[in-house]
Amino acid sequence: MTVMDLGCGYVHYTIPAAIVVGTNGNVIAIEKLKKIIKHAERRLEEAGLQNVELMNTNHQGLPDALQIDFLMMYDVIHHSPRREMLEAAVRYLKQDGIFSFLAFKDLGGYKPSLFEAALKEAIQDIESSGFTLKSEVSDGGVHFDNFHSSYHWKRYGEVRLASLERGTVYNFMKVV
């Protein structure tokens, strides 16, 4: 299986994906910010994973022939041009491939009161791009933003995994 983590950040989701696909699979981790790439490289090296290709680019800098089985956009869809990223998902996913996205309250522009409307709009955009919602995993993801925030560390002390926001994972199948 080939998995892509588009907007991999600090590789919190990339590492488990690489473990799950095992040595017969591979993970392509895409991150456009160079300062995050250095941290991601170090974490991947520490994890001893040989099946991850870390690329310092965005969704526009990928090879056209790339074909993947599973695309993760976890805590990314609200930061980037959604239409362009969905076009990339359609282009790179194999037929019946899975597009998986994880949304948190900041999907509503960092206004939790706007979350439900923003989520509905994101799902409509995904479905109109050629995907069908297949499953939802409630509280299936963890929001790591505060984990890397020196502000939160200073304000609250150590940030524990259990204190981080949980979000629903939405899995769509490519049908175009």
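Check the entry above for the structure.
Report on the accompanying structure. As the structure is a prediction and not an experimental result, all values here were calculated from the model. (Residues numbered from 1 in each chain as written. Predicted model: local features only at pLDDT ≥ 70, side-chain atom pairs only at ≥ 80, totals over all residues. Heavy atoms only, no water.)

Core analysis: the largest hydrophobic core is formed by 28 residues, its most contacted members being Met4, Ile68, Leu71, Met73, Phe99, Phe101 and Phe172. Where this core is concerned, the elements lending two or more residues are β1 (2–6), β2 (26–31), β4 (68–74), α3 (82–92), β5 (93–103), α4 (115–128) and β7 (166–174). Apart from the residues lying within four places of it in its own chain, the contact partners of Met73 are Leu6, Met85, Phe99, Ser100, Phe101 and Leu102. (Core = buried A, V, L, I, M, F, W, Y, C linked by side-chain atoms within 4.5 Å. Buried < 20%, exposed > 50% of the residue type's maximum accessible area, 1.4 Å probe, protein only. Helix = DSSP H or I, 4+ residues; strand = E, 2+ residues; numbered from the N terminus. Contact = heavy atoms within 4.5 Å.)

With that settled, the discussion passes to unusual backbone geometry. Trans is the prevailing form of peptide bonds, just as negative phi is the prevailing case for residues other than glycine. The phi dihedral of Val11 is positive, around 60 degrees, even though this residue is not glycine. Relative to the helices and strands, Val11 resides in the loop between β1 and α1 (14–21). Of note in this structure, Asp96 is not a glycine but carries a positive phi near 65 degrees. Structurally, Asp96 is set in strand β5. Residue Asp96 is classed as partly exposed on the basis of its relative accessible area, which comes to 47%.

Right, let's get into the side chain of Thr57. Along the chain, Thr57 turns up in the loop between β3 (52–56) and β4. Beyond its immediate stretch of four places on either side in the chain, Thr57 contacts Ile30, Glu31, Lys32 and Leu62.

The terminal C-alpha atoms of α4, which comprises 14 residues, lie 20 Å apart, in line with the 20 Å expected from a rise of 1.5 Å per residue. Listed in full, the buried residues belonging to α4 are Phe115, Ala118, Leu119, Ala122, Ile123, Asp125 and Ile126. End-on, the buried residues of α4 take up no more than an arc of 160 degrees, which puts them together on one face. Exposed residues on α4 whose side chains face more than 90 degrees from its buried face are Glu116, Ala117, Lys120 and Ser128. Following α4 by one or two positions, Gly130 adopts a phi angle in the positive range, close to 115 degrees. (Expected span 1.5 Å × (residues − 1). Arc of directions from axis to C-beta.)

A few words now on the pattern of salt bridges. One pass over the full model with this rule turns up two salt bridges. Put simply, Asp69 and Lys94 hold a salt bridge, and the shortest N to O gap is 3.2 Å. Placement of Asp69 in strand β4 and of Lys94 in strand β5 is noted, with a sequence separation of 25 residues between them. Here Asp125 ties to Arg83 by a salt bridge, and the two come within 3.3 Å at their closest N and O atoms. Taken together, the residues Asp125 in helix α4 and Arg83 in helix α3 connect sequence positions 42 residues apart. Exposure remark for Asp125: the relative accessible area of 14% places this residue in the buried category. Judged by its relative accessible area of 46%, Arg83 falls in the partly exposed class. (Salt bridge = Lys/Arg side-chain N within 4 Å of Asp/Glu carboxyl O.)

Summed over the entire model, instances satisfying the criterion amount to five aromatic pairs. Arranged with centres 5.1 Å apart and planes meeting at 90 degrees, the rings of Tyr13 and Tyr74 form a pair that is edge-to-face. Of this pair, Tyr13 sits in the loop between β1 and α1 while Tyr74 sits in strand β4; the two residues are 61 residues apart in sequence, bridging distant segments of the chain. The exposure classification of Tyr13 matches that of Tyr74, with both residues buried. Between Phe101 and Tyr170, the ring centres sit 5.4 Å apart and the planes meet at 25 degrees, which makes this aromatic pair stacked. Residue Phe101 is located in strand β5, and its partner Tyr170 is located in strand β7; the two are separated by 69 residues in the primary sequence. For the pair formed by Phe101 and Tyr170, the shared burial category is buried. In this structure an aromatic cluster arises from ring pairing among Phe99, Phe101, Phe131, Tyr170 and Phe172. (Phe/Tyr/Trp six-rings, centres within 6.5 Å; stacked < 30°, edge-to-face > 60°.)

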